[in-house]
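# Structure assessment
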Amino acid sequence: MDLFETMIHHSSVRSFTQQELSAELKERLILAAQSASSSNFLQAFSLIEITDQKKRKAIEKIANFPVDNGNNGQFYIFVADLNKHANVLTLKEDSMEYLRTMESLVVAIVDATLAAQSMAVYAESVDLGICYVGGIRNDLFQMKEILDLPELTYPVFGMFIGYPAVKNEVKPRMPVNAVLGTNTYRSLTPELINSYDEETTAYYQGRRSNVQETNWSEKVHQHFEFPRRQNTSEFLKKQGFVF
Ligand SMILES: Cc1cc2nc3c(=O)[nH]c(=O)nc-3n(C[C@H](O)[C@H](O)[C@H](O)COP(=O)(O)O)c2cc1C
């Protein structure tokens, strides 16, 4: 498959074989992540590879990750990281006022995300499977403790990477005219929502596992029915961000 075909056939993998990744492949994954663009070249992210089985189990529990992956697959945590820059500013006793802002945090989250997606695309191009794990944010304070996270850092998500034992069907994305505007923003119309709901109803009914009577907008309703992770801003403030 060429890269484009690989990309449009992406689906998250949650079950991995026991085949281990070679040291060379692991190194390439990290280099792929590091080679992503970076806002003002700040490189405001860190990666933490989880090899300690106790920590891994603890994090999987926090993330409520549907674990049939056992201990298989690599597990990385992507951290939005301005602590490195605090170290640099400290050397000259510069003010950290503008390091602690919402804008700096956004820059770091974007950098971490771009790095992760570069790693993901490279991984899939060599027939590995990946799954992001935002569930690590279910307990940010415990994550801080497990990973010994210093101030001005924020664990954005984890990522499992390994050789797929099971590959899910590709989830149909919205039609292009629901996401692409020309010169101005294009709103999602009721007609587009209905036709996408029909398509996703068929997908959820027809998939091989975890068949559900639902559709995309039903999922959206369910997602926003109750508040989630309400202590995020408290955590970020304790990490030294000011907003
Ligand atoms: C930032 C982020 C966090 C995610 N967190 C989780 C997670 O905690 N658990 C999980 O099973 N899937 C997680 N996913 C995977 C999404 O559920 C998945 O990408 C989405 O349903 C689309 O399916 P696909 O990736 O198979 O196309 C996450 C994806 C992203 C981008």
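No experiment lies behind these values; they were computed from the predicted model shown. (Residues numbered from 1 in each chain as written. Predicted model: local features only at pLDDT ≥ 70, side-chain atom pairs only at ≥ 80, totals over all residues. Heavy atoms only, no water.)

## Considerations on the packing of helix H2 (residues 23–34) against helix H5 (residues 102–125)
As a reminder, the rule being used: Note on method: axes are straight lines fitted to C-alpha atoms, helices fitted across the in-contact stretch only, with angles between N-to-C directions ranging 0 to 180 degrees. Secondary structure elements are taken from DSSP: a helix is a run of H or I of four residues or more, a strand is a run of E of two residues or more, and numbering for both begins at the N terminus. When describing relative orientation, an angle under 35 degrees is termed roughly parallel and one over 145 degrees roughly antiparallel, while 65 to 115 degrees is termed roughly perpendicular and anything else oblique. Left-handed describes a crossing whose near helix is turned anticlockwise from the far helix by less than a right angle; the clockwise case is right-handed. By definition in these notes, contact holds between two residues if any of their heavy atoms fall within 4.5 Å.
Where H2 meets H5, the axes come as close as 7 Å, and the angle between the chain directions of the two elements is 135 degrees. The angle between the axes of H2 and H5 places the two elements in the oblique class. Along this stretch, H2 crosses H5, giving a crossing that reads as right-handed. Between H2 and H5, the residues in contact are Leu25, Arg28, Leu29, Ile30, Ala32 and Ala33 and Ala115, Ser118, Met119, Tyr122 and Ala123, respectively.

## Focus: helix H6 (residues 140–147)
Definition in use: Three exposure classes are used, based on accessible area relative to the maximum for each residue type with a 1.4 Å probe and protein chains only: buried under 20%, partly exposed in between, and exposed over 50%. This arc corresponds to the set of directions leading from the helix axis out to the C-beta atoms.
Those residues of H6 not exposed but buried are Leu140, Met143, Ile146 and Leu147. Angular distribution of buried residues about the axis of H6 spans 120 degrees; they occupy a single face of the element. Buried residues in H6 make contact with strand S1 (45–49), helix H3 (53–63), strand S2 (74–81), strand S4 (153–162) and helix H10 (232–238). Looking one or two residues beyond H6, the residue adopting positive phi is aspartate 148, at roughly 55 degrees.

## Focus on a nonpolar patch on the surface
Short version of the rule: Two joining distances apply to patches: 9 Å for like charges and 5 Å for nonpolar side chains (Val, Leu, Ile, Met, Phe, Trp, Tyr), and every residue must have over 30% relative accessible area and no salt bridge. Only the protein chains shown count as cover for residues, with accessible areas throughout obtained via the Shrake-Rupley method and a probe of 1.4 Å. Salt bridges are defined as contacts in which a side-chain nitrogen from Lys or Arg sits within 4 Å of a carboxyl oxygen from Asp or Glu.
Together, Met102, Val106, Val110, Leu114 and Phe243 make up an exposed nonpolar region whose accessible area comes to about 400 Å². Structurally, valine 106 is set in helix H5. Given the relative accessible area of 38%, valine 106 is considered partly exposed.

## Quick notes on the pairing of S4
The cut-off we apply is this: Pairing between strands is defined by DSSP: at least two bridges between the two strands are required.
Extensive coverage of S4 is indicated by the burial of 10 of its 10 residues. Bridge analysis of S2 against S4 gives eight bridges, and the strand direction is antiparallel. Bridging across to S4, phenylalanine 78 finds its partner in phenylalanine 157. Judged from the five bridges that link them, strand S3 (residues 129–133) and S4 form a sheet pairing that is antiparallel. Considered in S4, the bridge of valine 133 is made with glycine 158.

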